[in-house]
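# Secondary and tertiary structure notes
One letter stands for each residue in the lines below.
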Amino acid sequence: MAIRYQFENRIFTLDTAHTSYQMKADDYGFLLHLYYGARVYGNMDYLLTCYDRGFSGNPSDAGNDRTYSMDALPQEYPVMGVGDFRNNALIIRNVDGSDCCDLRYVGHETKKGKYGLPGLPAVYADCGEAETLEVYLEDRISGVRVTLLYGVLEEADIITRSAVIENRGKDCVTVEKAASACLDFLTGSFDMLSFYGRHTMERNLQRQEIRHGAYAIGSRRGASSHQYNPAVIVADRHTTEESGRCYGLLFVYSGNFLCEAEKDQYDQTRVLMGLQDDLFHYPLEPGEKLAIPETVLSFSDQGFGTLSTRFHRCIGGHICRGRYRNAPRPVLLNSWETAYFSFDGSTILKLAKSAADLGIDMIVMDDGWFGKREDDNSGLGDWQVNEKKLGCTLHELTEKVNRLGVKFGIWIEPEMVSEDSELYRAHPDWILQIPGREPVRCRNQLVLDFSRAEVRDHIFGQICGILDQGKIEYVKWDMNRSIVDVYSMETCQGKVTYDYMLGVYDFLERLLQRYPDILIEGCSGGGGRFDAGMLYYTPQIWCSDNTDALDRLRIQYGTSFFYPACAAASHVSAAPNHQTGRSVSLHTRGVVAMAGAFGYELDPEKLSEEEKETVREQVWQYKSWEMLMLRGRYYRLSDPFSESFAAWAFVSEEKDRALLSVVMLEMHGNMPVSYVKLRGLDPESVYRDVKNGGRYYGADLMEAGLPMPMELKEYPAYQMELMREA
Ligand code: GLA
């Protein structure tokens, strides 16, 4: 039993293989957080202390007890208006304009299996793998009921949290702010690790101390954003890759989010993860409910490496769905950096011929195949094949490609419309726009109001019309701007950001139901919507519009803290690189791209015969290692932001096979030698280097490391496959 309830003292304990989580409904009915961390065995309510604290109020039912204050006690779901002045998880605006909701425990239920959230992505599990706890809290005056949902995946060491807010009262209330998880720490000093960035340079790691005063990251861009990823780690100050305590919070949502951290007046730390409160005022009429997207939690006392493994497994096995869940993906050749908008049917066919010659499984016809779309200023919304440009129908093109033994994939951007398009001319009122104001343009395109079913239905019909024309086995779903004009002609304003996202999810779900075998790759100008919400529908996401191998090492490093390698699509592109102008060898570009869902984005006809041979070898190698990368454990072996090399490894579950990859980042005269230390091997086993027959004990490679060769060239890369000897 992962979930236990003690009737006498109303303590709830959620146990996973290595962690415990505890809370208590106290005598007043407040739900107090007691503990989250490594396994413990007793009742942790002895940790609670109460003192008379100046300027920290006391609920009236505490009578003359001035020591009982919500301002000092650790809570599961802190609310505005009951005397807790810290950041809170919930703000309810009542019909009289007051911001108050006094939530007290009224009951609970435990269930087998993992709860789901209608219309929202969420962790799923078999009935035997998970249990659910629902705790009901109510505000007597407004009639607001909050159901706190806890999903416990015992073996996976995962606890999920969500909340459903329900208006059971007589008057309308407005949800002004709502989080799905709060972690209150009574003691300790923590760092927060977050992942910031920008277009073409996503998910840089920042580590900083959580101090007094509020610290927040989030997005109000309509998507989870390039700028901050909805995933953070809270760690003891000395925690490293291999040791120390740390907590991960991963938001399963692709829209606006807010993550707050604060050290309070008594040196207690609070961390919240939930919906962004800006641009959000969600009215609930009597009888209505609102589900808050869930947060996945995990704890490790063995450093970031173990924490990452737990999240990789959770995403790979309990968030990604469908045929490509933990399964090999086609190696693809994408037309974008190859030809941009300048292509016709014969260009695509040439790519397919090259793909066949090089062993590449699929070609992807990226942007430019529909409507009037010779550049990015027009055509979005007109999802009809430009047969004049292609010189044939889509059906003919896919047939020809397929006859070469190559699969066919296509690019779409369903949420957008160009002003210069038939769709916009016919339905100018279908965009998000504030009445009387000109909408803000971005990439010269506007955002369709996906909160409206009729808008979605129209686009859905068009997209299906395309996908039904030929054998299309992959779709790249793009979203190339941020949302500014948060106003819908139909939907109530405070709902738009949330309902828009639910509209996108609804569309994706319908697409998956209708085309269960199509692999959908998420994309938003690269990694602008790289999150666990999208991964529920799209098992891989274009990691970044930056394909420069050196920059990619850092982007992929940051991405790896939460997301498995197979989730991050990664391509070998041309040299010099189109984003940085840097030239890196084809070998090194291949090694870097192989740390993700592998593919190419260059013109194979421009490659020499020798380079083509290298590509054939890379594709073959990738395929031979793909299962190891999908099923094995991923290890970060260096920090490419601060060390002179980037190194990572995949080690099989049985520890009988490993793949080490290293890229040297610096070259100086008369340099010190770099030693790379492996991890995750069996110390007493002997491993053989598959290429040169070298033999090493696991312990030797892990304790002393391997010296890297010093070659007189820039950014050399090495890969070493190790097999355990019988
Ligand atoms: C975005 C994507 C690119 C490409 C272009 C097409 O920027 O990230 O990979 O598909 O759109 O316009």
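These numbers were taken from a predicted model, which means no experiment stands behind them.

Counted according to the given criterion, the structure contains 56 salt bridges. Notably, a salt bridge pairs Arg-207 with Asp-191, separated by 2.8 Å at the nearest N-O pair. Residue Arg-207 is found in strand 12 (residues 201-209), and its partner Asp-191 is found in strand 11 (residues 190-198); the two are separated by 16 residues along the sequence. A residue is classified by how much of its surface remains accessible, and Arg-207, at 35% relative accessible area, is partly exposed. The exposure class assigned to Asp-191 is buried, which follows from its relative accessible area of 3%. When salt bridges with common partners are traced through the structure, they connect Asp-84, Arg-86, Asp-184, Asp-264 and Arg-270 into a single cluster.

Attention shifts here to a nonpolar patch on the surface. A cluster of nonpolar side chains, namely Met-667, Val-673, Tyr-675, Met-710 and Leu-712, defines an oily patch on the protein surface of about 540 Å² accessible area. Among the secondary structure elements, Met-667 is positioned in the loop between strand 32 (657-664) and strand 33 (675-676). Its relative accessible area of 33% is what places Met-667 among the partly exposed residues.

A separate point is the packing of aromatic side chains. Per the stated rule, a full pass over the model turns up 39 aromatic pairs. On the numbers, 5.2 Å between centres and 90° between planes, the contact of Trp-336 with Phe-341 is edge-to-face. Given the relative accessible area of 17%, Trp-336 is considered buried. Summarising the aromatic geometry, the rings of Phe-530 and Tyr-563 are spaced 5.1 Å apart at their centres and angled 70° between planes, so their arrangement reads as edge-to-face. With Phe-530 in the loop between strand 26 (519-522) and helix 9 (532-535) and Tyr-563 in the loop between helix 10 (549-559) and strand 28 (568-573), this residue pair connects regions lying 33 residues apart in the sequence.

The final tally for this structure, using the stated rule, is eleven cavities of 30 Å³ or more. In this model, the largest cavity occupies a volume close to 100 Å³. Considering the residues around the largest cavity, the lining is formed by Leu-553, Gln-556, Tyr-557, Ala-595, Tyr-634, Arg-636, Ser-638, Pro-640, Ala-646, Ala-647 and Trp-648. Here the lining of the largest cavity is built from residues that sort into eight nonpolar, two polar and one charged.

Here we take up the sheet that holds strand 26. Strand order around the closed barrel formed by eight strands is 20-21-22-25-26-27-28-29, with parallel pairing between neighbours. The sheet shows a mean angle of 30° between the axes of neighbouring strands, direction not considered. Direction of pairing for strand 27 (residues 540-542) relative to strand 28: parallel, over a ladder of two bridges. Bridging from a neighbouring strand, Ile-541 pairs with Ala-568 of strand 28. Lying over the sheet, helix 8 (residues 496-514) contacts strand 25 (474-477) and strand 26, oriented at roughly 175° with respect to strand 25.

Through backbone hydrogen bonds, the strands of a sheet pair up, either in parallel or in antiparallel fashion. The nine strands are arranged 6-7-8-9-19-15-14-11-12 in an open sheet whose pairing can be described as antiparallel. The open sheet has two free edges, formed respectively by strand 6 (104-112) and strand 12, since each of these has just one partner strand. On average, each strand axis in the sheet is inclined to that of its neighbour by 20°, with strand direction left out of account. The sheet contact formed by strand 11 and strand 14 (residues 231-236) spans four bridges and is antiparallel. By the bridge assignment for strand 14, Asp-191 is matched with Ala-235.

So, on to the domain arrangement of the protein chain. Partitioning the protein chain into domains gives domain 1 (3-318), domain 2 (332-631) and domain 3 (645-724). In this structure, domain 1 and domain 2 have C-alpha centres spaced 35 Å apart. Across the contact, 49 residues belong to domain 1 and 42 residues belong to domain 2. Among the residues domain 1 hides against domain 2, the three largest losses belong to Arg-203, Ser-254 and Tyr-282. Together they make up 16% of the total. The tally of links from domain 1 across to domain 2 stands at zero salt bridges. Connecting domain 1 to domain 2 are 27 residue pairs in polar contact (both at pLDDT 80 or more). Elements supplying a minimum of two residues to the side of domain 1 that touches domain 2: strand 12, strand 14, strand 15 (246-251), strand 18 (282-284), strand 19 (289-300) and helix 1 (303-318). No other element matches helix 1, which puts six residues into the side of domain 1 that touches domain 2. Per-class residue counts for the side of domain 1 that touches domain 2 are 28 nonpolar, 16 polar and five charged.

Taken together, 13 residues lie around the ligand, and Asp-366, Asp-367, Lys-476, Asp-478 and Asp-545 are the ones closest in. Between Arg-443 and the ligand, the recorded distance is 2.9 Å, taken from a side-chain N or O atom to an oxygen atom. When isolated, the ligand has an accessible area of 300 Å², and the protein chains bury 97% of it. A per-class count over the shell around the ligand returns four nonpolar, three polar and six charged.

With that settled, the discussion passes to the confidence of the model for the protein chain. Detailed reading of the predicted coordinates is not advisable wherever pLDDT falls low. Per-residue confidence for the protein chain gives a mean pLDDT of 97, with 100% of residues at or over 70. Ranking the helices and strands of the protein chain by mean pLDDT puts strand 15 first, with 99, and strand 13 (residues 213-219) last, with 95.

In this structure, Leu-90, Ile-165 and Trp-369 are the most contacted members of the largest nonpolar core, which totals 207 residues. Take this core: its biggest share by element is ten residues, from helix 8. If sequence neighbours within four positions are ignored, Trp-369 has contacts with Phe-343, Trp-383, Gln-384, Val-385, Asn-386, Ile-410, Trp-411, Ile-412 and Ile-466. Ala-647, Val-662, Leu-678 and Met-720 belong to the second largest nonpolar core, which has 21 residues in total.

Right, let's get into the side chain of Arg-481. Considering the arrangement of structural elements, one finds Arg-481 in the loop between strand 25 and helix 8. Within the buried set, Arg-481 has no salt-bridge partner at all; the shortest N-O distance to an opposite charge, 4.5 Å, is to Asp-485. Within polar-contact distance, the side chain of Arg-481 engages the backbone oxygen of Gln-445 at 2.6 Å. Filtering out sequence-adjacent residues up to four positions away, Arg-481 remains in contact with Met-416, Val-440, Arg-441, Cys-442, Gln-445, Leu-446 and Val-447.

Moving on: the layout of surface pockets. Counted as a void, the largest pocket has a volume near 500 Å³. Along the walls of the largest pocket sit 31 residues, with His-199, Asn-480, Gly-525, Gly-526 and Asp-545 positioned nearest its centre. Formed jointly, the lining of the largest pocket draws a minimum of three residues from each of two domains, domain 1 (3-318) and domain 2 (332-631).

Conventions and cut-offs
Residues numbered from 1 in each chain as written. Predicted model: local features only at pLDDT ≥ 70, side-chain atom pairs only at ≥ 80, totals over all residues. Heavy atoms only, no water. Salt bridge = Lys/Arg side-chain N within 4 Å of Asp/Glu carboxyl O. Helix = DSSP H or I, 4+ residues; strand = E, 2+ residues; numbered from the N terminus. Buried < 20%, exposed > 50% of the residue type's maximum accessible area, 1.4 Å probe, protein only. Patch = residues over 30% accessible without salt bridge, like charges linked within 9 Å, V, L, I, M, F, W, Y side chains within 5 Å. Areas by Shrake-Rupley, 256 points an atom, 1.4 Å probe, with all protein chains shown as cover. Phe/Tyr/Trp six-rings, centres within 6.5 Å; stacked < 30°, edge-to-face > 60°. 1 Å grid on protein atoms, 1.4 Å probe; cavity = no way out; pocket = protein on both sides within 12 Å on 5 of 7 lines; lining within 4 Å. Points joined across faces, edges and corners; volume = space filled by probe spheres on them. Nonpolar A, V, L, I, M, F, W, Y, C, P; charged D, E, K, R; others polar. Pairing = 2+ DSSP bridges. Axes fitted to C-alpha atoms, helices over the stretch in contact; angles between N-to-C directions. Contact = heavy atoms within 4.5 Å. Domains from an automatic or database assignment. Buried area = accessible area lost by both parts, 1.4 Å probe. Polar contact = N/O pair within 3.5 Å; in protein donor to acceptor, adjacent residues only side chain to side chain. Near = heavy atom within 4 Å. pLDDT = per-residue confidence, 0-100. Core = buried A, V, L, I, M, F, W, Y, C linked by side-chain atoms within 4.5 Å. Lys, Arg positive; Asp, Glu negative; His and termini not counted.

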